[in-house]
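Examination of the molecular architecture
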Amino acid sequence: MTKPVILLYEAMHPLALDELRHLAEVRTAESLDEEDLVRAVVDVQGIIIRANGVVSRRIMEAAPKLKVVARHGTGVEAIDRKAAQELGIVVVNTPEANVESVAEQCLAFMLSLSKRVREADKAIRAGDWGARYRLIGSELYGKTLGLIGFGRIGQRVAEMAHVAFAMQVVYYDLVSYPDAEEKLKARAVPLEDLLAISDYVSVHVPLLPSTRAMINTQMLETMKPSAYLINTSRGPVVDQGALVKALEKGLIAGAGLDVFEPEPLPADHPLYQLENVILSPHMAGHTDEALYRMAQVYKDVIAVIEGRDPVYPVL
């Protein structure tokens, strides 16, 4: 029996790749340029995309055998879902695979900023032992954590913060979560209230027209001067220019950023010059464990190709 052809936009976890190769003919795109992809998908039944490249209508229309497009991860903004629906192509993702990893990154940002780890490391490497008297940090214990978006990752961050540091949790979401509220003693509040009372604000919303630049100048001005902003969701959710100005003026104490607009961040971007920012290159979900779990999306790809229902269809 002929194996189905699966096109990977980028490499994935080697163990999962070995598993997939037993079930399918696996190809990796030589280029993510649309013209090259149009030529590469002619006989492809499944596509697995990661953080880079897009699956456009044109690419789907060039693939008459295509049955499923999979997102190795959560966000599906790079997939033309309208075109997929019209063409009868199933879209799947891995909404639970990187929850733990991203949540841990949020706490890492919060701790590093509060304990001034970046500044302390820089000082001691320069022989400045006296920095111990100047770099006075703050505790997370008992502080207020505001979560913009209270889905899987937001709730896991809340659980870590509440259980480990007795943090008070407030959240803003279009959906209410009464069970999580009871478990975590969390409160749903309007966005402006969340920003005004939180010591740490962590963003966990998808990139949609309604969420683009939702954290803008007005919202940043609402935050406490002692507060920190954490973004591990999508770069465009935060107005990056407004954030730079807020950090430069001391409107907020600092920020931990894993995502940007654009990506990669240009070499001359002013964020690099700010001491009150910790940056990472869109890697919050990149633990060995999470990468393996995300690569398991291949199981839904095979399921759809074989005519079975996927576990995680994107609705």
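Note: the structure precedes this text.
Residues numbered from 1 in each chain as written. Predicted model: local features only at pLDDT ≥ 70, side-chain atom pairs only at ≥ 80, totals over all residues. Heavy atoms only, no water.

**Things to note about the sheet that holds strand β7 (residues 168-172)**
How we decide: We treat two strands as partners when DSSP finds at least two bridges between them. By definition, any uninterrupted DSSP run of H or I lasting at least four residues is a helix, any uninterrupted run of E lasting at least two residues is a strand, and each is numbered from the N terminus. Contacts were defined at the residue level, with two residues in contact if any of their heavy atoms lie within 4.5 Å. Here an axis means a line fitted to C-alpha atoms, over the contact stretch when the element is a helix, while the angle between two N-to-C directions is reported on a 0 to 180 degree scale.
One open sheet accounts for 7 strands, arranged β8-β7-β6-β9-β10-β11-β12; its pairing is parallel. What marks the edges here is a single partner per strand, and that holds for β8 (187-188) and β12 (277-279). Relative to β7, strand β6 (residues 144-148) runs parallel, the two sharing 5 bridges. Paired with T144 across the bridge in β7 is Q168. Set on the sheet, helix α8 (residues 152-165) makes contact with β6 and β7; between it and β6 the angle comes to about 175°.

**Some points on the nonpolar core**
The following threshold applies: Only buried Ala, Val, Leu, Ile, Met, Phe, Trp, Tyr and Cys residues count toward a nonpolar core, and they belong to the same one when joined by side-chain atoms within 4.5 Å. Categorising residues by exposure relies on relative accessible area from a 1.4 Å probe, with only protein chains included: less than 20% of the type maximum marks a residue as buried, more than 50% marks it as exposed, and the intermediate range marks it as partly exposed.
Membership of the largest hydrophobic core comes to 32 residues, with the highest contact counts inside it found for I148, L220, L229 and L271. Of all elements in the fold, only α10 (191-197), β9 (200-203), α11 (217-222), α12 (240-249) and β11 (254-257) reach the threshold of two or more residues within this core. No other element matches α12, which puts 5 residues into this core. The residues touching L271, leaving out its near neighbours within four places in the chain, are Q240, V244, L247, L257, F260, L265, V277 and L279. Grouped together as the second largest cluster of nonpolar side chains are 28 residues, L107, L113, A158 and Y171 included.

**What to know about the packing of aromatic side chains**
Selection rule: Within 6.5 Å between ring centres, the rings of Phe, Tyr and Trp (the latter by its six-membered ring) count as paired, and their orientation is classed by plane angle as stacked under 30 degrees, edge-to-face over 60, tilted in between.
In total, this model carries 4 aromatic pairs according to the counting rule given. Judged by centre distance (5.8 Å) and plane angle (75°), the ring pair of F150 and Y177 falls under edge-to-face. Here the residue F150 occupies a position in the loop between β6 and α8, and Y177 occupies one in the loop between β7 and α9 (178-184), the gap between them amounting to 27 residues. Here Y177 falls in the partly exposed class, since its relative accessible area comes to 23%. Residues Y171 and Y177 carry aromatic rings whose centres are separated by 6.2 Å and whose planes lie at 65° to one another, so their mutual orientation is edge-to-face. The class of Y171 is buried, set by a relative accessible area of 1%.

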